[in-house]
Structures are given as structure tokens and as C-alpha cells.
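A closer look at the structure
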Amino acid sequence: MKLEGRAALVTGATRGIGKAIAHALAREGATVAVHYHESEAAAQKVLQGIRAEGGSAISVQADVSRHDEVDRMYKECEKEMGGVDILVNNARRLVKGRAFMEMSWEEDYEPQIQVMLKGAFHCCQAALPGMRERGWGRIVNVLSTVLGEKRARTNSYGAVKSALLYFSQNLAVETGPYGITVNMVSPGLTETERPILHSDDYQREYIDSIPIKRLGRSEDVSGAVVFFCSDEASYVTGVNMAVSGGKVIF
């Protein structure tokens, strides 16, 4: 198994892509901390699923926008798993897409900044000291192909993900000398247990524009994350991989 003996933390891991990533890392031998903010019951279901497959996992709770809660979460990871070797920043806060002139900073920008950018900031600052001490670490930040599509009504979401792109690339340069890589995956429209918030007509047109002619699956994204976390990717850092069936090519 590629990640045997490693400890991983996946934020926003109770459903969808985050859940698939937690399962995939556990199948490769990592002990996984399944992060949740509000739904302990959902986190417990993920734990049960991982353990049923023979994997090892714990659940951890935190509001990642708050430094004190992230600090508490990491102390729990250190106690239960010995630290965090792999960090996947997947937690997100979605708001309904609106035209720019209908938006407000407080309702459209601020919630996404707090979770997706500030949350990644807090989690990276908490994880890096241990990674530097061990001389090995993997950070994977989940972005979006909206960066390459420039779709209407995605102003706030795309802007925050764009900030996370620069944040990740800059951090990759700074952490490389310590044996730590920082990479990104950008999923396109992906099928999960959560309903897709687009009309059937939109989905058909979207699929027609994809060279591979299907929507993404959570497992497509988790496979890319496993690669970035493995030793096979030890010389890969600062890369944003589009997982979009060719819809977007960075």
C-alpha cells in the first residue's frame, strides 16, 4: 500500500469528494482523520465505511475558520495518530451563484473566504511544523475547473479558488526544501450523492463539451489526490491538475 504508516487529515470529509478522498487514502494504508464541522452522524458513517473496508480512521470536529478550533483539532490528531503527514483541504462553503450586481460582500464573498481560504491557511499553519520536523509532508488543496472556464455567476467562488491557487503555488516554493509538496486538484462537474444544482439541459450541454463524454466521479478526484500523496509524486509540487475529462486543460 502506497501510504502505509502515514497519517492523513481530510477536511470536509463527510460526503461527496471529501468522503471519497478519505476512503481512497485509507485503502492505501493511511490512518485518516475525517473532519466535520456540524454533522457528527455523517462523520461516523464515513468511519464505519472505512473500517468496514479494513481501514483505520478517526473523526475530528472543527470550524476551520477559527484558529483555536483548528489548533484543538491538530492536538487531537497528534494524540490519536501521532501527527499529520498528509493534509487535504477540501472543506468548502457554497453560496448560490448570483450576478455580480446582485451580490454582497457579507453574503457571497465572506462565507467562502472564511472556510476555503482562511480554513486552508489555518490548517496549513498547524500541519507544517510537524511535517518540517519529519522532513516529509503532502498538502493537497481542492480547487475547481471554474478557474479555467470563467462561467457567469461564479464571481465569488472563482475569486476565492483563484486566491487559493496562488496561496498553494507560493507555499509549494517555500516548503519544497523541507521535503513537503503542495499540489492542487481541480474537479469539473462531478457526480456525488449530493444533487447537482444544474438543469438537465445544462448537464447535457456540459457533457457534450467534455472530450471523455461523461461527468466526473468522486473516485476520479480521489485517485489524483492519492497520486499527489504518494512517493511517486515526490518530485511534483505546485501543480494544479484538472480532473475534468479534458473539459479544462491548464
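All of the points below concern the structure found in this document. (Residues numbered from 1 in each chain as written. Predicted model: local features only at pLDDT ≥ 70, side-chain atom pairs only at ≥ 80, totals over all residues. Heavy atoms only, no water.)

Quick word on the pairing of strand S1 (residues 7-10)
Put simply, the rule is: Whether a residue is buried, partly exposed or exposed follows from its accessible area with a 1.4 Å probe, protein chains only, as a fraction of its type maximum: under 20%, in between, or over 50%, in that order. Starting at the N terminus, helices and strands are each numbered in turn, a helix being any DSSP run of H or I of at least four residues and a strand any DSSP run of E of at least two. At least two bridges found by DSSP between two strands is the condition for calling them paired. Clockwise travel from the first strand over the helix to the second, with the strands pointing away from the viewer, marks a crossover as right-handed.
Along S1, one buried face is formed by Ala7 and Leu9 and the opposite face, lined by Ala8 and Val10, is buried too. Looking at chain direction, S1 and strand S2 (residues 31-36) are connected through four bridges and run parallel. Paired with Leu9 across the strands is Ala33, a residue of S2. As for the winding sense of the linkage, the β-α-β connection from S1 through helix H1 (residues 16-27) to S2 is right-handed. Across three bridges, the pairing between S1 and strand S4 (residues 86-89) is parallel.

Examining the layout of surface pockets
What counts here: In this analysis a 1.4 Å probe is tested at points of a 1 Å grid over the protein atoms alone, and where it fits but cannot get out there is a cavity; an open set with protein on both sides within 12 Å along at least five of seven lines is a pocket; lining residues have an atom within 4 Å of a point. Grid points are joined across faces, edges and corners, and a volume is the space filled by probe spheres set on the points. Polar here means any residue outside two lists: the nonpolar Ala, Val, Leu, Ile, Met, Phe, Trp, Tyr, Cys and Pro, and the charged Asp, Glu, Lys and Arg; Gly therefore counts as polar.
Quantified by volume, the second largest pocket comes out at close to 240 Å³. Lining of the second largest pocket is provided by Phe121, Cys124, Gln125, Leu128, Pro129, Arg132, Phe167, Asn170, Leu171, Glu174, Thr175 and Tyr178. Sorting the residues of the lining of the second largest pocket by element identifies helix H4 (105-134) and helix H6 (155-175) as the ones contributing at least two each. When residues in the lining of the second largest pocket are grouped by element, the largest group, six residues, is from H4. A per-class count over the lining of the second largest pocket returns seven nonpolar, three polar and two charged.

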